[in-house]
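# Coordinate inspection notes
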Amino acid sequence: MKNKEIFKLFLVLIFFSLSGGIYYNFQEIWLAENGLSVSSISIVYSLCALITVSSIFLCSNIIKQNKIKKFACIFLFIKSFTIFSLFLLNNSGYNVIIKFLIMVDYALDVEIYACIYPMISLISKSDKIYAARGLTYSFVYYLGVALSALLLGKMIGGFKINNNIYVLIGAILSLLSLLVLLFTDLDKYNKADKSERNLLFKLLGKIKKDKISIMYLISSLVGQISYSCVLGMQISLLVNLYGVTSQIASMIYLVLGISASVFGFIVLWKLTFKNNYVNISIKLLGRAIVYFLALVFSKNIFYVIALIYPAFTAESHTHIIDAPYINRYEDKFQLAYCNLKDMTSYAGKALGVLICGIGITYGIKYIFGFALAFVTIQLILCYTCLYLRNKEGKEVAL
């Protein structure tokens, strides 16, 4: 990587994503060990997503372009402290505090990740870098998942590796991410602008006049509902519906995650077709087809395919489906727009996870019915956005 500050930011991302992979992999099981039922966990995760929407809205108005690094450092410090507190609270019986800290951590995690690309874009902005950021996060995250699955139950230095040890490791890795970011120099790339107050509201004013942005945000909302309906609680779904152990469920999750990351890199560098309607269809039309088959035939084989395909394509084609719409906005609006996109996505995730939790309890067939409806809407919106962008004829800085 030519620019050493971009390299440092990717190193921040690597420690951050490795922390997430190790810490979040067995979080559902860790919560169950602390006395929470599957339905309670699904409600907690839904509330996490809803709280995240509110926190993102707040951060969009507080965080300015020249303050992104400062806020990211603060968030990483609080996140490290929050995760360490959860480590100390394991099996304490203080489940109300545990639920609260889980929600705080979730909101922080999302906002930290949202800050990464705007910091990178201060130095260099492109659709491929945007996609590379997401793929790097995903690949390292699943390496963390692999480590946690392989080491669970093992004895190292007289300590038995359990789910709570992973919480401690997550806190340490978050702290390492903070240390690298502290030594990353972004000051020379910052362009202070006195007009940066109330950026989110100024951005909303621009979006009202921009049909492409409106349709893209709606597609992000319904797309996340669709995806989370099926894969919002992967570990719990595999454990409760198919009777596999948490370790086997984690390994399945791992294989799918790494496969998705590898496929995403292949698509980014070697397998992107010139016709973007084809690229969109591979990801979204393919999902609609497998959801339809699962809904109509209600057989385990079709259920498995309908779980595998969206997971396998989760990380691909972001340089076609997402990046062009993020990069249409100039630097000072970059974080605000990333945050707005995340607000819609996490609102969708809240609903999708809730549907997933209900489906685990009452019947998996209903999950695929909802997923099919929402992915069909997403597909139509993505085709329309692409048509309007092609009609626009060139990149427009908003």
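Residues numbered from 1 in each chain as written. Predicted model: local features only at pLDDT ≥ 70, side-chain atom pairs only at ≥ 80, totals over all residues. Heavy atoms only, no water.

### Digging into the overall build of the protein
The line we're drawing: Secondary structure is summarised from DSSP: a helix means a run of H or I of at least four residues, a strand means a run of E of at least two, and numbering begins at the N terminus for each. Buried, partly exposed and exposed residues are distinguished by accessible area as a fraction of the type maximum, computed with a 1.4 Å probe on protein chains only: under 20%, between the cut-offs, and over 50%, respectively. Contacts: residue pairs with any heavy atoms within 4.5 Å of one another.
On a plain count of helices and strands, the protein comes out with 17 helices and two strands. The burial tally for the protein puts 57% of its 398 residues in the buried class. Pairs at least 24 residues apart make up 84% of the contacts formed inside the protein by residues separated by at least 6 positions.

### Side note on the pattern of salt bridges
Applied cut-off: Every case where a carboxyl oxygen of Asp or Glu lies within 4 Å of a side-chain nitrogen of Lys or Arg is listed as a salt bridge.
Going through the model one piece at a time under the given rule, you end up with four salt bridges. Between Asp105 and Lys79 there is a salt bridge, with the nearest N and O atoms lying 2.7 Å from each other. With Asp105 in helix α5 (residues 95-123) and Lys79 in helix α4 (residues 68-89), this residue pair connects regions lying 26 residues apart in the sequence. There is no split in this pair, since Asp105 and Lys79 are both buried. Residues Asp210 and Arg328 are paired through a salt bridge, measuring 2.7 Å at the closest nitrogen-oxygen approach. Here Arg328 lies in the loop between α15 (323-326) and α16 (331-362) and Asp210 lies in the loop between α8 (199-208) and α9 (211-231), a separation of 118 residues in the sequence. Exposure class is identical for Asp210 and Arg328. Each is buried. When salt bridges with common partners are traced through the structure, they connect Lys79, Asp105 and Asp109 into a single cluster.

### Considering α5
Under the convention used in this document: A helix is expected to span 1.5 Å multiplied by its residue count minus one.
In this model, α5 (29 residues) spans 43 Å end to end at C-alpha, consistent with the 42 Å of a helix rising 1.5 Å per residue. Buried residues dominate α5, accounting for 24 of its 29 residues.

### A short note on the nonpolar core
Applied cut-off: We call a set of buried Ala, Val, Leu, Ile, Met, Phe, Trp, Tyr and Cys residues a nonpolar core when their side-chain atoms join them within 4.5 Å.
Core analysis: the biggest nonpolar cluster contains 111 residues, and Met119, Val230, Tyr291 and Phe368 have the highest contact counts within it. The next biggest cluster of nonpolar side chains, apart from the first, holds nine residues, and it includes Val140, Leu152, Tyr166 and Leu173.

### Points about the packing of aromatic side chains
This is how the line gets drawn: Only centres within 6.5 Å qualify two rings of Phe, Tyr or Trp (six-membered ring in Trp) as a pair; their planes then separate them into stacked at under 30 degrees, edge-to-face at over 60, and tilted for everything else. The rule for a charge over a ring is simple: NZ of Lys or CZ of Arg within 6 Å of the ring centre, and within 35 degrees of the ring normal.
All chains considered together, the criterion is met by 14 aromatic pairs. Aromatic side chains Phe71 and Phe75 sit 6.1 Å apart centroid to centroid with 50° between the ring planes, which places their arrangement in the tilted category. Of the two residues, Phe71 and Phe75 both sit in helix α4, four residues apart, roughly one turn of that helix. Where Tyr113 meets Tyr137, the ring centres are 4.8 Å apart and the plane angle is 50°; that geometry is what we call tilted. Here Tyr137 lies in helix α6 (residues 127-151) and Tyr113 lies in helix α5, a separation of 24 residues in the sequence. Judged by relative accessible area, Tyr137 falls into the buried class, the value being 17%. Among the aromatic residues, those joined into a cluster by ring pairs are Phe16, Tyr113, Tyr137, Tyr141 and Tyr142. Lying over the aromatic face of Tyr130, Arg133 brings its terminal NZ or CZ to 4.5 Å of the ring centre. It is Arg389 that lies over the ring of Tyr325; its NZ or CZ is 5.4 Å from the centre.

### Describing empty space enclosed by the protein
Our working definition: Only protein atoms enter the calculation, which uses a 1 Å grid: trapped sets of points that fit a 1.4 Å probe without letting it out are cavities, open sets showing protein on both sides within 12 Å along at least five of seven lines are pockets, and any residue with an atom within 4 Å of a point is a lining residue. Grid points are joined across faces, edges and corners, and a volume is the space filled by probe spheres set on the points. In this count, Pro and Cys sit with the nonpolar residues alongside Ala, Val, Leu, Ile, Met, Phe, Trp and Tyr, while Asp, Glu, Lys and Arg are called charged and the others, Gly among them, polar.
Taken as a whole and assessed by the stated rule, the structure comprises five cavities of 30 Å³ or more. Considering the residues around the largest cavity, the lining is formed by 47 residues, among which Gln224, Tyr227, Glu315, Tyr346 and Lys349 are closest to the centre. Ranked by residues supplied to the lining of the largest cavity, first place goes to α6 with nine residues. For the lining of the largest cavity, the residue count by class is 23 nonpolar, 14 polar and ten charged.

### Considering the layout of surface pockets
Counted as a void, the largest pocket has a volume near 220 Å³. Surrounding the largest pocket, twelve residues form its lining, Leu238, Ile252, Leu256, Val304 and Leu307 being those nearest its centre. The greatest single-element share of the lining of the largest pocket, amounting to four residues, is contributed by helix α10 (residues 234-242). The residue inventory of the lining of the largest pocket, partitioned by class, reads eleven nonpolar, one polar and no charged.

### As for the packing of α4 against helix α7 (residues 163-182)
The relative placement of two packed helices comes down to the angle between their axes together with the axis-to-axis distance. Put simply, the rule is: Fitted lines through C-alpha atoms give the axes, limited to the stretch in contact for helices. The angle between two N-to-C directions lies from 0 to 180 degrees. An angle counts as roughly parallel when it lies under 35 degrees, as roughly antiparallel when it exceeds 145, as roughly perpendicular when it falls between 65 and 115, and as oblique in every other case. Definitions for this section: a left-handed crossing has its near helix turned counterclockwise from the far helix by less than a right angle. A right-handed crossing has that turn clockwise.
Direction vectors running N to C along α4 and α7 enclose 160°, while the axes themselves pass 8 Å from each other. The angle between the axes of α4 and α7 places the two elements in the roughly antiparallel class. When you trace α4 past α7, the crossing you get is left-handed. On α7, the residues touching Lys69, Ala72, Cys73, Leu76, Phe77, Lys79, Ser80, Ile83, Phe84, Leu86 and Phe87 of α4 are Asn164, Val167, Leu168, Gly170, Ala171, Ser174, Leu175, Ser177, Leu178, Leu181 and Leu182. Its residues placed into classes, the contact of α4 with α7 shows 15 nonpolar, five polar and two charged.

### Observations concerning the environment of Val262
Residue position: Val262 is located in helix α11 (residues 246-269). A sequence separation of 126 residues divides Val262 from Thr136, and the C-alpha atoms of the two residues are 10.0 Å apart.

### Quick look at the state of the cysteines
Defined as follows: In plain terms, two cysteine sulfur atoms within 2.5 Å form what is called a disulfide here.
One pass over the full model with this rule turns up zero disulfides. Left unpaired, Cys356 is separated from the closest cysteine sulfur, that of Cys229, by 7.6 Å.

### Topic: unusual backbone geometry
Of note in the backbone geometry, Asn91 takes a positive phi value of approximately 60° without being a glycine. Locating Asn91 in the fold gives a position in the loop between α4 and α5. The exposure class assigned to Asn91 is exposed, which follows from its relative accessible area of 55%.

### Focus: a nonpolar patch on the surface
The line we're drawing: Excluding any residue in a salt bridge, patches collect residues exceeding 30% relative accessible area, merging like charges within 9 Å and nonpolar Val, Leu, Ile, Met, Phe, Trp and Tyr side chains within 5 Å. Each accessible area value is a Shrake-Rupley result obtained with a 1.4 Å probe; residue values ignore everything except the protein chains displayed when judging cover.
Where nonpolar side chains cluster on the molecular surface, the patch consists of Ile43, Leu47, Leu50, Ile51, Leu351, Leu354, Ile358 and Tyr362 and spans about 740 Å² of accessible area. Structurally, Leu351 is set in helix α16.

### Description of the side chain of Thr318
Structurally, Thr318 can be placed in helix α14 (residues 318-321). Ignoring sequence-local partners within four residues, the contact set of Thr318 consists of Ala131, Lys283, Ala323 and Pro324.

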